Amino acid sequence: MHTPQDIRTAGVTAGQPQQSQEKRPSFSREIQVLRAIAVLFVVVYHLWPHAIGGGFIGVDMFFVVSGYLITAGMIREFERSGKLSLANFYARRARRILPAATLTIVTTAVLTMLVVPNTWWQDTTRHAKASLVYVENFLLARDSVDYLAQDQAPSAFQHFWSLSVEEQFYILWPVLFVLVIALVSVLARLSQSKPAADPLRQRVIARRTICALLVAATIGSFVLSARMVSSADPAAYFVTHARAWELGVGALLAFAVHYTNAASRVVRYPRALLGAEVFVVSALVVGAFQYNDSTPFPGPAALLPTLCTAALIYIAVRLNAATTALQGSLGRNRAKIVENKGVQWLGDVSYSLYLWHWPLIVLAPFMFREATPAQLPLLVLPIALAAAAASRKWIELPVQHGQIREWRPRRVLAATAALAAVALTVSMVPEAQGRTQLAQEASERESILANPPEELGSGALGKDSYEVYVTSDEVLIPAPQVVRQDVPEGQNNAECKSEQNEAFTPRCEFGNDNAKLTVALVGDSHIEQYLPAFQEIAKDNDIRILTYFHAACPFSLAVRASDAALGKPCLASNEDTLREVAADDSIDLVVTSNRTNVKWDRSHEPDPTDGFKKAWSTLSKSGKDVVVLGDNPRSLNGDETRDCVALNSKDPSACAKDRDESFVDDYQAEAAEESKHVTFVDTSDWFCTDDICPAVVGNVMVYRDSEHITATYAATLTKHVQESIPALDVGEK
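Residues numbered from 1 in each chain as written. Predicted model: local features only at pLDDT ≥ 70, side-chain atom pairs only at ≥ 80, totals over all residues. Heavy atoms only, no water.

*Asks:* Can you tell me about the pairing of strand β4 (residues 543-550), naming the residues and giving the values?
*Replies:* A large share of β4 lies buried, amounting to eight of its eight residues. Of the two faces of β4, the one carrying Ile543, Ile545, Thr547 and Phe549 and the one carrying Arg544, Leu546, Tyr548 and His550 are both buried. Examined bridge by bridge, strand β1 (residues 497-498) and β4 share two bridges and lie parallel to one another. Each residue of the ladder has a partner; that of Lys497, found in β4, is Phe549. (Buried < 20%, exposed > 50% of the residue type's maximum accessible area, 1.4 Å probe, protein only. Helix = DSSP H or I, 4+ residues; strand = E, 2+ residues; numbered from the N terminus. Pairing = 2+ DSSP bridges.)

*Asks:* Kindly report on empty space enclosed by the protein, identifying the contributing residues and their values.
*Replies:* Inspection of the entire model under this criterion finds three cavities of 30 Å³ or more. Within this model, the largest cavity holds a volume of roughly 140 Å³. If you trace the largest cavity, you find 15 residues lining it, with Trp120, Asp123, Ala153, Pro154 and Ser155 closest to the centre. The greatest single-element share of the lining of the largest cavity, amounting to three residues, is contributed by helix α4 (residues 121-132). Looking at the lining of the largest cavity residue by residue, the class counts come to five nonpolar, six polar and four charged. (1 Å grid on protein atoms, 1.4 Å probe; cavity = no way out; pocket = protein on both sides within 12 Å on 5 of 7 lines; lining within 4 Å. Points joined across faces, edges and corners; volume = space filled by probe spheres on them. Nonpolar A, V, L, I, M, F, W, Y, C, P; charged D, E, K, R; others polar.)

*Asks:* Describe in detail unusual backbone geometry, supporting the description with residues and values.
*Replies:* That bond from Phe297 to Pro298 is cis: its omega, 10°, falls within 30 degrees of zero. Relative to the helices and strands, Pro298 resides in the loop between α10 (270-290) and α11 (303-319). Even without being glycine, Tyr134 reaches a positive phi, approximately 60°. Examined against the element boundaries, Tyr134 turns out to sit in the loop between α4 and α5 (136-144). Classification of Tyr134 as buried rests on a relative accessible area of 11%. Of note in this structure, Ala552 is not a glycine but carries a positive phi near 55°. Judged by relative accessible area, which is 14%, Ala552 ranks as buried.

*Asks:* Explain the packing of aromatic side chains to me, using residue names and the numbers behind them.
*Replies:* Applying the stated criterion to the full structure yields 25 aromatic pairs. Centroid distance Phe63 to Trp161: 6.0 Å. Interplanar angle 80°. Geometry classified as edge-to-face. In this pair, Phe63 is assigned in helix α2 (residues 57-81) and Trp161 in helix α6 (residues 160-191), connecting sequence segments 98 residues apart. By relative accessible area, Phe63 is classed as buried at 0%. You can call Trp161 buried: its relative accessible area is 5%. In this structure an aromatic cluster arises from ring pairing among Phe78, Phe89, Tyr90, Phe169, Tyr170, Trp173, Phe177, Phe255 and Tyr259. Sitting above the plane of the Tyr237 ring, Arg243 keeps its charged end 4.5 Å from the centroid. The ring of Trp407 has Arg411 lying over it, and the distance from NZ or CZ to the ring centre is 4.0 Å. (Phe/Tyr/Trp six-rings, centres within 6.5 Å; stacked < 30°, edge-to-face > 60°. Lys NZ or Arg CZ within 6 Å of the ring centre and 35° of its normal.)

*Asks:* Please give an account of the state of the cysteines that cites residues and values.
*Replies:* All chains considered together, the criterion is met by four disulfides. Each sulfur in the disulfide pair Cys496 and Cys508 lies 2.1 Å from the other. Between Cys496 and Cys508 the sulfur-sulfur dihedral comes to about -100°; the bridge is accordingly left-handed. In this pair, Cys496 is assigned in the loop between α17 (429-450) and β1 and Cys508 in strand β2 (residues 507-510), connecting sequence segments 12 residues apart. A sulfur-sulfur separation of 2.1 Å characterises the disulfide bridge that pairs Cys644 with Cys655. Taking the torsion about the sulfur-sulfur bond, which here is approximately -90°, the covalent link between Cys644 and Cys655 counts as left-handed. With Cys644 in helix α23 (residues 640-647) and Cys655 in the loop between α23 and β7 (657-658), the pair connects residues that are 11 residues apart, well separated along the chain. (Disulfide = S-S within 2.5 Å.)

*Asks:* Give me the lowdown on α23, citing residues and values where you can.
*Replies:* Among the residues of α23, Thr641, Arg642, Asp643, Cys644 and Val645 are the ones counted as buried. Along its buried surface, α23 packs onto α14 (350-367), β10 (696-697) and β11 (700-701). (Contact = heavy atoms within 4.5 Å.)

*Asks:* Before we move on, can you summarise the packing of α6 against helix α8 (residues 199-230) with the specific residues and values?
*Replies:* Taken N-terminus to C-terminus, the directions of α6 and α8 make an angle of 140°; their axes are 9 Å apart at the nearest point. The orientation of α6 relative to α8 falls into the category oblique. Both α6 and α8 take part in a crossing whose hand is right-handed. Counted together, Trp173, Leu176, Phe177, Val180, Ile181, Val184, Ser185 and Ala188 of α6 and Gln202, Ile205, Ala206, Thr209, Ile210, Leu213 and Leu214 of α8 form the full contact between these two elements. (Axes fitted to C-alpha atoms, helices over the stretch in contact; angles between N-to-C directions. Parallel < 35°, antiparallel > 145°, perpendicular 65-115°, else oblique. Left-handed = near helix turned anticlockwise from the far one by under 90°.)

*Asks:* Give me the lowdown on a negative patch on the surface, citing residues and values where you can.
*Replies:* A cluster of acidic residues, Asp464, Asp658, Asp660, Glu661 and Asp691, forms a negative patch at the surface. Mapping Glu661 onto the fold places it in helix α24 (residues 659-662). (Patch = residues over 30% accessible without salt bridge, like charges linked within 9 Å, V, L, I, M, F, W, Y side chains within 5 Å. Areas by Shrake-Rupley, 256 points an atom, 1.4 Å probe, with all protein chains shown as cover. Salt bridge = Lys/Arg side-chain N within 4 Å of Asp/Glu carboxyl O. Lys, Arg positive; Asp, Glu negative; His and termini not counted. Charge placed at Lys NZ, Arg CZ, Asp CG, Glu CD.)

*Asks:* Requested: an account of the pattern of salt bridges, with residues and values cited.
*Replies:* In the structure shown here, the tally under the stated rule is 31 salt bridges. The residue Asp631 makes a salt bridge to Arg634 at a minimum N-O spacing of 2.8 Å. Each member of the pair, Asp631 together with Arg634, is buried.

Read these as spatial facts, not as claims about activity.
Here you go:
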């Protein structure tokens, strides 16, 4: 977030710049309390998410505190000198932020190579580089809307998204400040009038203009944030333009405090302020416990932590102007909390604790493999606290208050660039090492695929048993490091599949226009994953394949809950696709499969089962044969199967899952039972023995994530598909 620093309030009017030199009451202790609360919310939320479901609001608190403190410093410099030095500003930011952050990034990158499987190395470098240049938030935003990246393992650098938001804000905010000052000065010289040439008048005009622009930007960012959240855009959580308003609130508060003399005006009702403070803190605590991962955020919901934090800062400023009026029990109790050494220490180390706690949480399962999930937080917390204390003592304080503080800005920025270059080099090592390993095994994989044994993939699976490897070289295909990229043709560039929020479904064609049989594959990614099998079949048969793929959009006339939240683009697309397929007389066979174990909007008719029945009935009435492939089994959560196989490549059987635990409810099965002229294919034996569902069969990795199969494994299912759909056997071209 931001480093602890001593901040004093200053309250002067534009007409009295000399007062900015006066000593003002310090409220840095209250700032440290806010930091302590914020980091406590975040850390506890990450360690025990079920204990405090809304602990993520601690980040919003940090945004407001940061916006206030940084802007207050800019205002003081402006009132003192009439200008703002960008070089000094960026040098201060570099001293406060970069040393501890860079150490965290480098240490995490090295630790990743030592303790986690090589499946993580490429992403480690990707996120480390993004964190070093403070664009991690945009990388996460892109991944949040990237279908291929969904459900992937968390990055050890994921928490750098908030630092990225802050630093992006602070690249632009002081530049705007300086541009306005310069513009006012230029216009004053051009006007050639004495009033316009008055420095005090120029400052008044400059700060009013800056305030007006800040108000407009803050309101604009909030409106944009609300719109993105209302449209269920997952990128809203990370992108700067949807978060800048929170920093803007803190910045506006700095202007309000400074130019209303809030820190020096007499407080007439201190007890009322104390009561308000208790109320606001209570509201924050309620929000932390009432909010959860399903709360639409940031948007309007973020007003609670943002405004509460701003209110607490303002109250602290006012109460520090009433040092003789807090003698009651409430005031004494407040003082005990504010002056508590443990609270102050937690505020002091809040930045370093924020930096270190998340990488330790992510890496802990690999560092302590024998520990249970309940034990891991108890192991992580003391290590994170110790790392934070060490970072504070030996990195933050020496850089902020030692000899480096006396360096000229140019020297600080040069050292920063050199430090970043070294860190960037180190962060690239994991990816480079991973590529080297892939290259070493590439020839072996190519050799196997060039002359595949009959048992490759599903050919090695039986009802009673299966073979993990069917070649002398125990090579995994694809390599676990790139298993997520083993997708059907057209998915990488998204040309043959629309996104969840799009109200259309693209049509792609494979094969000869004059083929004997035209097959339409229609549905979400759970039918798309079988495209390689149909393409293999089409090589030996005169078949044309048409595809209608739509991400997270089961081919049904029922409404998925997530689709209802987006305005029903999936339903609209399905209706259009249904009309198009039904009207196309060239289509002989429709094959569909979908993920149906999702949340459906029950307030709309039809229900999930009837939704599938109605769609299939329309196709059957148009003269199409309809085949429904039952949904495939689920593997371990997220990327756990991938990582397990990487760690147990000699014996991937350790990564298998019991058959009884692998399958989820499938509305397609029930709908098919109640439908005439529809063929339902139970696909369970394509992936499982009678007892288990393996992760690797015949050298081939079965799953690319928790619910999709690899394109390589799908290509080995041709025999199963042909046996289940005899119509595909139409003879050679």
